[in-house]
Amino acid sequence: MKIPFNIPPYMGKELIYVKQAIEVNKKISGDGLYTTLCHEWLENNNPSSKALLTTSCTHALEMTAMLIDIQEGDEVIVPSYTFVSSVNAFVIRGAKIKFVDIRPDTMNIDENLIESAITSKTKAIIPVHYAGVACEMDKIMEIARKYDLYVIEDAAQALMSTYKGKALGSIGDFGCFSFHETKNYSMGEGGALLIQNELFKERAEIIREKGTNRSKFIRGQVDKYTWVDKGSSYLPSEINAAYLFAQLEEAKVINQDRLKSWQVYFKELYSLAQNRIIEIPSISNSKEHNAHMFYIKCKDIKERTSLIKFLQDNGVQSAFHYIPLHSATAGKVHGEFIGEDKFTTSESERLVRLPLFYGLEEKTILFITSLIKSYYIKGED
Ligand SMILES: *Cc1c(COP(=O)(O)O)cnc(C)c1O
């Protein structure tokens, strides 16, 4: 048996919609019917926000850096345990990255360490909702208001998750989502920007459309479109949007299926966790998550390497995750870790992600969890 780490979701209507875009709508460039349907879906899911599909979450983040006018020497506060795009979007505009430590329970930024990293140059806080589990947004928003900072949620993994009933990505000034094939909902490559702050809703459309007011023109609000501001090309094609819409329509089905798998892992590995052999995630009741990921934590990096190999030898693909950015070559050039690295490095070295995707069968999960149990029982002799 070979069990892959991920299989991108495919719900069945994707090709019908792609065909419709090509043959019926005869529109394959951006901002046609399917893009509009995706925008409506995202806006219904996140009331008061404006949604724009983008070519990636990376590009959605780049758009926010342009919108808040990041300049050489500005600073942003980010956890070091994240994907490169959470920081590169700001680095390419000259920002300095201030990394702070994470909380070991969620692997998210430690909200209590943010204030000590703030200086007169700080422009924004970038909370990353790791594994689709919410950061402590009340505290983060309170700090942002106190120091007049923007909050840009890296919600790449967090569509369909909530914090105290609010959709992730709709709490800060901006939320950035990814529809890369490794995420819960996919369009191959793609993403979305969600804008709460009224000041930026119109300008975001312009930046996304090469610095023109073409969006207003399409809506008939102006009779010709021209160059009005800085911008680039951040809109995906209708082919990708059609593919995504088929998945958004089935978002609840996908979400339920993933949550069911997550629960099976949790239940099956609970006794190992109770016996303090491994750790499994604990998620507070105020956070409804989307089962983006199921991970366990081993004792240390040595045990992790050996467990990943054991699973591989038995046909199961598992994966470790981020190498902390502050320890990477570019991280040392563009960033600085503020305070002590108590958890970022040590916790990241212990974490292993297990296969989790739409349609993963319960019997497959039981096979994986029994392998893990046998690994530890064998290890105890
Ligand atoms: C996947 C991911 C991104 C990048 O998404 P793309 O759509 O591939 O650009 C950014 N941040 C986090 C936390 C991610 O998981």
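Everything below is about the structure shown above.
Just so it is clear, the model here is predicted, and its values are computed rather than measured.

Peer 1: What is the right way to read helix α3 (residues 57-67) from this model?
Peer 2: Residue pairs three or four apart in sequence face the same way in an α-helix, which turns once every 3.6 residues. The buried fraction of α3 is high, at nine of 11 residues. If you follow the buried residues of α3, they end up packed against β1 (50-54), α4 (85-91), β5 (150-154), β8 (174-178), β9 (191-195) and α6 (201-208). The backbone nitrogen of T58 lies 3.4 Å from a side-chain oxygen of the residue at the head of α3, namely S56. Where α3 terminates, the next one or two residues include D69, which has phi positive at roughly 60°.

Peer 1: Just checking my understanding: could you explain the site of the ligand for this structure?
Peer 2: As a matter of local geometry, the ligand sits amid 13 residues, with T58, D154, Q157, S178 and K183 nearest to it. One of the side-chain N or O atoms of K183 is found 3.3 Å from an oxygen atom in the ligand. Taking Y322, its side chain carries an N or O atom lying 3.4 Å from an oxygen atom of the ligand. When the ligand is considered free in solution it has 390 Å² of accessible area, and contact with the protein chains removes 92% of it. Residues belonging to the shell around the ligand are distributed by class as follows: five nonpolar, six polar and two charged.

Peer 1: Explanation requested: the pairing of strand β11 (residues 294-297) in the structure shown.
Peer 2: Within a regular beta strand, the side chains point alternately toward one face of the sheet and then the other, so they alternate between its two faces. What you see with β11 is no split at all: F294 and I296 on one side and Y295 and K297 on the other are buried throughout. Note: β11 against strand β13 (residues 351-354), four bridges, orientation antiparallel. Of the residues in β13, the one forming a bridge with I296 is V352.

Peer 1: Explain the pattern of salt bridges to me, please; I cannot follow it from the model alone.
Peer 2: Between side chains of opposite charge, pairing is possible as soon as their charged atoms come close. In the structure shown here, the tally under the stated rule is 26 salt bridges. Residue R203 is joined to D229 by a salt bridge in which the shortest nitrogen-to-oxygen separation is 2.6 Å. In this pair, R203 is assigned in helix α6 and D229 in the loop between α7 (214-218) and α8 (238-248), connecting sequence segments 26 residues apart. Relative accessible area serves as the criterion here: at 24%, R203 is assigned to the partly exposed category. Its relative accessible area of 22% is what places D229 among the partly exposed residues. Its salt-bridge partner being E347, residue K297 comes within 2.7 Å of it at the nearest N-O pair. Here K297, found in strand β11, pairs with E347, found in helix α12 (residues 344-348); they are 50 residues apart in sequence, far enough to count as distant. The exposure classification of K297 matches that of E347, with both residues buried. Salt bridges linked by common partners bring E279, K297, E347 and R350 together as one network.

What counts and how
Residues numbered from 1 in each chain as written. Predicted model: local features only at pLDDT ≥ 70, side-chain atom pairs only at ≥ 80, totals over all residues. Heavy atoms only, no water. Buried < 20%, exposed > 50% of the residue type's maximum accessible area, 1.4 Å probe, protein only. Helix = DSSP H or I, 4+ residues; strand = E, 2+ residues; numbered from the N terminus. Contact = heavy atoms within 4.5 Å. Polar contact = N/O pair within 3.5 Å; in protein donor to acceptor, adjacent residues only side chain to side chain. Near = heavy atom within 4 Å. Areas by Shrake-Rupley, 256 points an atom, 1.4 Å probe, with all protein chains shown as cover. Nonpolar A, V, L, I, M, F, W, Y, C, P; charged D, E, K, R; others polar. Pairing = 2+ DSSP bridges. Salt bridge = Lys/Arg side-chain N within 4 Å of Asp/Glu carboxyl O.

Interpretation in functional terms is not warranted from these geometric data alone.
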